[in-house]
Amino acid sequence: MKTRVENRLAQVRKTRGVGASDLARRVHVSRQTIYAIEAGTYVPNTEVALNLARELEVTVGELFSLQPGSQKSPESLAVEVLSAASAPKGQPVRICQIGSRWIGVPVSASPYYLPEADGVVKRSSHKSGRAAELVVFAKEDASNKRLVLAGCDPATGLLSRTVEKLSGVELISAAASSKLALTWLNQGKVHIAGSHLEDPKTGEFNLPFLRREFPDQDFRVVTFASWEEGFVIAPRNPKAVHKAEDLARKNIRFVNREAGSGSRALLDKLLAKAGMDASTVKGYDRVAHGHLAAAYCVVSQDADVCLATRSAAQTFGLDFIPLQRERYDLVMRKRTADLPAVKAFLDVLQRATLRRKLEVLAGYDTSKTGALIA
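All of these numbers come straight from a predicted model, not from anything done at the bench.

Looking now at the sheet that holds strand E7 (residues 131–136). To summarise the sheet geometry, strands pair through backbone hydrogen bonds and adopt either a parallel or an antiparallel arrangement. Read around the closed barrel, the five strands follow the order E3-E5-E4-E6-E7; overall the barrel is mixed. With direction set aside, neighbouring strand axes in the sheet form an average angle of 55°. In the sheet, strand E6 (residues 119–124) pairs with E7 via five bridges, with the strands oriented antiparallel. The residue bridging Val-120 from the neighbouring strand is Val-135, located in E7.

Next up, the structure:
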């Protein structure tokens, strides 16, 4: 059988005027071995290769090399990409297996660092929703100790690093509004969904919505934290924004959150309470995906105000006007709660180390963190 090692032994030997029998004697192998090496049906061990190179006065690299293209080709993998739009070719993606399906989560580079990724998009299917073919680097790295968490919590990065450090479980964060995260959970595309959806009738968070969307009651709900949501504005509030009515002023540029987000629902509630039409808000139809993305629009002076969490304002050194306290819950299927990786994740929620970080760095109320409420 031909090997992937290419050799120039016959060419070099003949150039040197050395016969096969003579060379075999000098390196202490049979003549048949020399012929087998030259035919490419036998690869010599290190000692024989070194002896051949010494006798012929060349380097081993001049005698032997790997054939071009002999390295293992990257593996292709069909995945469902969790993204609001089709992932472009070359998009870095992290992968995780959930049941029998492979899920891909797009990742973005920071200003100074390349993103951690398991592969890149080779092609996207425009006929199959968000299906895509990836070129993956090492599929085996997507182990059973990897979970997909969808949601909009700005502290997800802090949570991911702490969970991996304390339990070895790796969290892959998929950015999504509360409703989209719960939709993905319902479709079996994520392990855990984060939500802060307020029921307009009762003022209760998440549970009324879950009971409507999951009539079989196949879910577990664990509180992550309580946070404040409100107006995020430039330092010292130069535009004097204090209440919803101020958003109607012509000199106020607002940036909204996507439909299905808790922040969008809060704005609509505030406008309805003030008797205002959405068309009076300059920027109502301008969308930022996520609390941090919305706050970044303010710090970069692309907007004067947005609705986001206090932690998003703190991240960019912006001022904050609190409007509402909200409970952010983590939702999962009952069977998912029994997975070893999920049990390890939930155990970390009880750790004082995580709670202290959330309190100090994000300003969260962690008095109920880890509490099972459904």
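Here helix H2 (residues 20–27) crosses helix H3 (residues 31–39) at 105°, and the two axes come no closer than 8 Å. On the basis of their axis angle, the class for H2 and H3 is roughly perpendicular. Contacts from Ala-20, Ser-21, Leu-23, Ala-24 and Val-27 of H2 reach H3 at Arg-31, Ile-34 and Tyr-35. When its residues are assigned to classes, the contact of H2 with H3 shows six nonpolar, one polar and one charged.

The next point concerns the packing of helix H6 (residues 156–167) against helix H12 (residues 340–349). Contact geometry for H6 and H12: axes closest at 10 Å, N-to-C directions at 110°. Put simply, H6 runs roughly perpendicular to H12. Listed contacts from H12 to Leu-159, Thr-162, Val-163, Leu-166 and Ser-167 of H6 are Ala-344, Phe-345, Val-348 and Leu-349.

We now examine the environment of Thr-202. With respect to the helices and strands, the residue Thr-202 is situated in the loop between strand E10 (192–195) and helix H8 (207–213). On the basis of relative accessible area, Thr-202 is assigned to the exposed category, the value being 58%. Each C-alpha atom of the pair Thr-202 and Arg-236 lies 35 Å from the other, and the pair is 34 residues apart in sequence. A polar contact of 2.8 Å, which involves the side chain of Thr-202, links it to the side chain of Asp-199. Engagement of the side chain of Thr-202 in a polar contact is seen with the backbone nitrogen of Glu-204, the distance being 3.2 Å.

By size, the foremost hydrophobic cluster in this structure holds 27 residues, and its most contacted members are Leu-147, Leu-159, Phe-224, Leu-330, Phe-345, Leu-349 and Tyr-364. Each residue touching Leu-159, except ones within four places of it in the same chain, is listed here: Leu-149, Leu-171, Phe-224, Phe-345, Leu-349 and Leu-354.

Moving on, we get to the layout of surface pockets. Using a probe with the size of a water molecule, rolled over the atoms, empty space left in the structure can be pinpointed. Quantified by volume, the largest pocket comes out at close to 1,500 Å³. Around the largest pocket, the lining comprises 43 residues; the ones closest to its centre are Pro-106, Ser-108, Ser-173, Ala-175 and Leu-292. Elements with a contribution of two residues or more to the lining of the largest pocket: strand E5 (101–106), H6, strand E9 (170–175), helix H7 (178–186) and helix H10 (291–299). The residue inventory of the lining of the largest pocket, partitioned by class, reads 23 nonpolar, 13 polar and seven charged.

What counts, and at which threshold
- Residues numbered from 1 in each chain as written.
- Predicted model: local features only at pLDDT ≥ 70, side-chain atom pairs only at ≥ 80, totals over all residues.
- Heavy atoms only, no water.
- Pairing = 2+ DSSP bridges.
- Helix = DSSP H or I, 4+ residues; strand = E, 2+ residues; numbered from the N terminus.
- Axes fitted to C-alpha atoms, helices over the stretch in contact; angles between N-to-C directions.
- Parallel < 35°, antiparallel > 145°, perpendicular 65-115°, else oblique.
- Contact = heavy atoms within 4.5 Å.
- Nonpolar A, V, L, I, M, F, W, Y, C, P; charged D, E, K, R; others polar.
- Buried < 20%, exposed > 50% of the residue type's maximum accessible area, 1.4 Å probe, protein only.
- Polar contact = N/O pair within 3.5 Å; in protein donor to acceptor, adjacent residues only side chain to side chain.
- Core = buried A, V, L, I, M, F, W, Y, C linked by side-chain atoms within 4.5 Å.
- 1 Å grid on protein atoms, 1.4 Å probe; cavity = no way out; pocket = protein on both sides within 12 Å on 5 of 7 lines; lining within 4 Å.
- Points joined across faces, edges and corners; volume = space filled by probe spheres on them.

Without other data, these values stay purely geometric and don't point to any function.
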